[in-house]
Amino acid sequence: MSDSEPRLVRIIPSGPMMVQGPVRIELADGTVVESDRFQVAICMCKRSKNYPLCDTSHRRRRKVDGS
């Protein structure tokens, strides 16, 4: 991908925002997070322990029946 090509951003319903990488994310407090991966999942629910990167915390937890 060249600098002149637009980046692809996909919004996943009830999930993360997928952005073609590499990316540099600047948070409201000025903190900067960088990722050199080819695809980056950005947390939209703010439940991630690795915020602003997604750790799949948005997924609903299913109770496992003990029987």
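Below or above, wherever it landed, is the structure these notes cover. Keep in mind that what you see is a predicted model, and the values were worked out from it rather than measured.

**What to know about the overall build of the protein**
Check the secondary structure of the protein and you find zero helices and five strands. Listed N to C, the secondary structure of the protein is β-β-β-β-β in terms of helices and strands. Per-residue burial over the protein gives 27% buried out of 67 residues. Across the protein, every contact between residues at least 6 apart in sequence was considered, and the portion connecting residues at least 24 apart equals 20%.

**Brief notes about the pattern of salt bridges**
For the coordinates displayed, the defined rule picks out one salt bridge. For the salt bridge of Glu 34 with Arg 24, the shortest nitrogen-to-oxygen distance reads 2.7 Å. Here Glu 34 is found in strand E4 (residues 32-35), whereas its partner Arg 24 is found in strand E3 (residues 23-26), with 10 residues between them in sequence. Like Glu 34, the residue Arg 24 is exposed in the burial classification.

**Looking at the nonpolar core**
Listed in full, the seven residues of the largest apolar core are Val 19, Val 23, Ile 25, Val 33, Val 40, Ile 42 and Leu 53. Contributions of two or more residues to this core are made by E3 and strand E5 (39-42). With residues up to four places along the chain from it excluded, the contact list for Ile 42 reads Pro 16, Met 17, Val 19, Ile 25, Pro 52 and Cys 54.

**Focus: the side chain of His 58**
Relative to the assigned elements, His 58 resides in the segment after E5. Its relative accessible area of 17% is what places His 58 among the buried residues.

**A short note on the environment of Pro 13**
One can find Pro 13 in the loop between strand E1 (9-11) and strand E2 (17-20). Under the relative-accessibility criterion, Pro 13 is labelled exposed at 70%. For the pair Pro 13 and Met 44, spaced 31 residues apart in sequence, the C-alpha to C-alpha distance is 9.9 Å.

**Section: a nonpolar patch on the surface**
Taken together, the side chains of Val 9, Ile 11 and Met 44 present a nonpolar region at the surface, about 280 Å² in accessible area. As for its position among the elements, Ile 11 is in strand E1.

Conventions used here
- Residues numbered from 1 in each chain as written.
- Predicted model: local features only at pLDDT ≥ 70, side-chain atom pairs only at ≥ 80, totals over all residues.
- Heavy atoms only, no water.
- Helix = DSSP H or I, 4+ residues; strand = E, 2+ residues; numbered from the N terminus.
- Buried < 20%, exposed > 50% of the residue type's maximum accessible area, 1.4 Å probe, protein only.
- Contact = heavy atoms within 4.5 Å.
- Salt bridge = Lys/Arg side-chain N within 4 Å of Asp/Glu carboxyl O.
- Core = buried A, V, L, I, M, F, W, Y, C linked by side-chain atoms within 4.5 Å.
- Patch = residues over 30% accessible without salt bridge, like charges linked within 9 Å, V, L, I, M, F, W, Y side chains within 5 Å.
- Areas by Shrake-Rupley, 256 points an atom, 1.4 Å probe, with all protein chains shown as cover.

These figures capture arrangement, not role.
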